[in-house]
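# Working through the structure, step by step
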Amino acid sequence: MLWILISLFFCWLIYREIKQSMAEPKYDGFPPSPIYKPYLAILLVLAILSAWTPLHYWRFQRYLSSIATVLADSHPAKVHCNTALDSIFDREPTFSHANPNDGEIVFQPPLCERLMDYLDHPERAKPVELHSLNTLTHESMHVRGELNEAITECESVQRNYRTAKLLGVPDNIARRNALEYYYGAYMQLKEGGPNAARYFSEQCAPGKDLDEHLNDSTWFTPESNQSDL
Ligand SMILES: [Zn+2]
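The written sequence of each chain sets the order in which its residues are numbered from 1. Predicted model: local features are reported for residues with pLDDT of at least 70 only, side-chain atom pairs are reported and counted for 80 or more only, and whole-chain, interface and lining totals are derived from all residues. Note: side-chain values were computed over all heavy atoms of the structure, leaving out hydrogens and water.

### Quick look at the overall build of the chain
- Going along the chain from the N terminus, every DSSP run of H or I of four or more residues is numbered as a helix, and every run of E of two or more is numbered as a strand. Counting its regular elements, the chain contains eight helices and three strands.
- Radius of gyration means the value over C-alpha atoms here, while the globule rule gives 2.2 Å times the residue count to the 0.38 power. For a compact globule of 229 residues, the expected C-alpha radius of gyration is about 17 Å, and the chain comes in at 24 Å, more than 25% above that figure.
- Three exposure classes are used, based on accessible area relative to the maximum for each residue type with a 1.4 Å probe and protein chains only: buried under 20%, partly exposed in between, and exposed over 50%. Buried residues in the chain amount to 42% of all 229 residues.
- Within the chain, contacts between residues separated by at least 24 positions form 59% of all contacts whose residues are at least 6 apart in sequence.
- Surface exposure here means Shrake-Rupley accessible area, sampled with a 1.4 Å probe, where a residue is shielded only by the protein chains that are shown. Of the accessible surface of the chain, which amounts to about 13,500 Å², a share of 60% is contributed by carbon and sulfur atoms. A contact between two residues is defined here by any heavy atoms of the two lying within 4.5 Å.

Right, dumping it as structure tokens:
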């Protein structure tokens, strides 16, 4: 919002410059000041640069919203990337969260930036970038209607391959990323830690109770195995 206001300020300076050049001659007979083109060009560049970041995020949020809606089986999802300022006024400032009632998904910074980084180089994704991929899937599962965190997380790890594919990641890399998250970050929850009890389940494994047997499951990997990682 701040950047939009700054951009609008530069637009107003442009408007003022043009308006002054078109004004009636002054009482003393002097013509109005002509447009100083370099000044106008600089203002135009500053206005565009100021608007670029918010427009970029606006487009990215719309893109993520469309992906999340597909993941949530057509339950409408609306993704918002919080700025640091937004987070201060957020009811849950430390965690990304979703509201199944209105489909709103809120990502805390720098999750959207990490997701952008992931999409820049999925073939060498870092653990934090894979976490951002899983968060998109996880919050979409809440919009789909699941509230239990362990079940939600299990639905998520089974769909991370689908999410990566929807984001345009090549098939073999999407599979590798999804398996890497499952055998890495998810399995680390088994060792304990503050989130283990809420998010981990022994039944979240191929062939066990929480296996949804999805056609495009992360686990549906007849040709792949741990050695692919
Ligand atoms: Zn959750």
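### Here's the deal with the nonpolar core
- Nonpolar cores were defined as sets of buried Ala, Val, Leu, Ile, Met, Phe, Trp, Tyr and Cys residues, with membership established by side-chain atoms within 4.5 Å. In this structure, Leu64, Ile105, Phe107, Tyr118, Leu136 and Tyr186 are the most contacted members of the largest nonpolar core, which totals 42 residues.
- Of all the secondary structure elements, the ones that give two or more residues to this core are helix H2 (37-71), strand E1 (78-81), strand E3 (104-107), helix H4 (111-120), helix H5 (127-144), helix H6 (149-166) and helix H7 (171-188).
- With residues up to four places along the chain from it excluded, the contact list for Tyr118 reads Ala125, Glu129, Leu130, Leu133, Ala164, Val169 and Asn177.
- By size, the runner-up hydrophobic cluster in this structure holds six residues, among which are Phe10, Leu13, Ile14 and Ala47.

### A word on the coordination of the zinc ion
- Nitrogen, oxygen and sulfur within 2.8 Å of a metal are treated as its donors, or within 3.2 Å for sodium, potassium and calcium (Na, K, Ca); water is not counted, so a site can appear incomplete. Surrounding the zinc ion are the protein donor atoms His138 (NE2), His142 (NE2), Glu149 (OE) and Glu149 (OE), at 2.0 to 2.6 Å.
- Coordination of the zinc ion draws on donor residues from a single chain, spaced H-x3-H-x6-E in sequence.
- Given the relative accessible area of 6%, His142 is considered buried.

### Here's the deal with the state of the cysteines
- When two cysteine sulfur atoms are found within 2.5 Å, that pair is recorded as a disulfide. Counted by the stated rule, this structure contains two disulfides.
- Here Cys81 engages in a disulfide with Cys112; their sulfurs sit 2.0 Å apart. Looking down the S-S bond of the Cys81 and Cys112 bridge, the torsion is -85 degrees, so its handedness is left-handed. Of this pair, Cys81 sits in strand E1 while Cys112 sits in helix H4; the two residues are 31 residues apart in sequence, bridging distant segments of the chain.
- Covalent S-S linkage joins Cys154 and Cys204, the inter-sulfur distance amounting to 2.1 Å. Taking the torsion about the S-S bond as the criterion, the Cys154 to Cys204 disulfide, at about 95 degrees, is right-handed.

### Considering the side chain of Glu149
- With respect to the secondary-structure elements, Glu149 resides in helix H6.
- When its relative accessible area of 17% is taken as the criterion, Glu149 is described as buried.
- Nitrogen and oxygen atoms within 3.5 Å of one another constitute a polar contact, given that in protein one can donate a hydrogen and the other can accept it, and given that sequence-neighbouring residues count only through two side-chain atoms. Reaching out from Glu149, the side chain makes a polar contact with the side chain of His142 at a distance of 3.2 Å.
- The contact partners of Glu149, leaving out residues within four places of it in the chain, are His138, His142, Arg198 and Tyr199.

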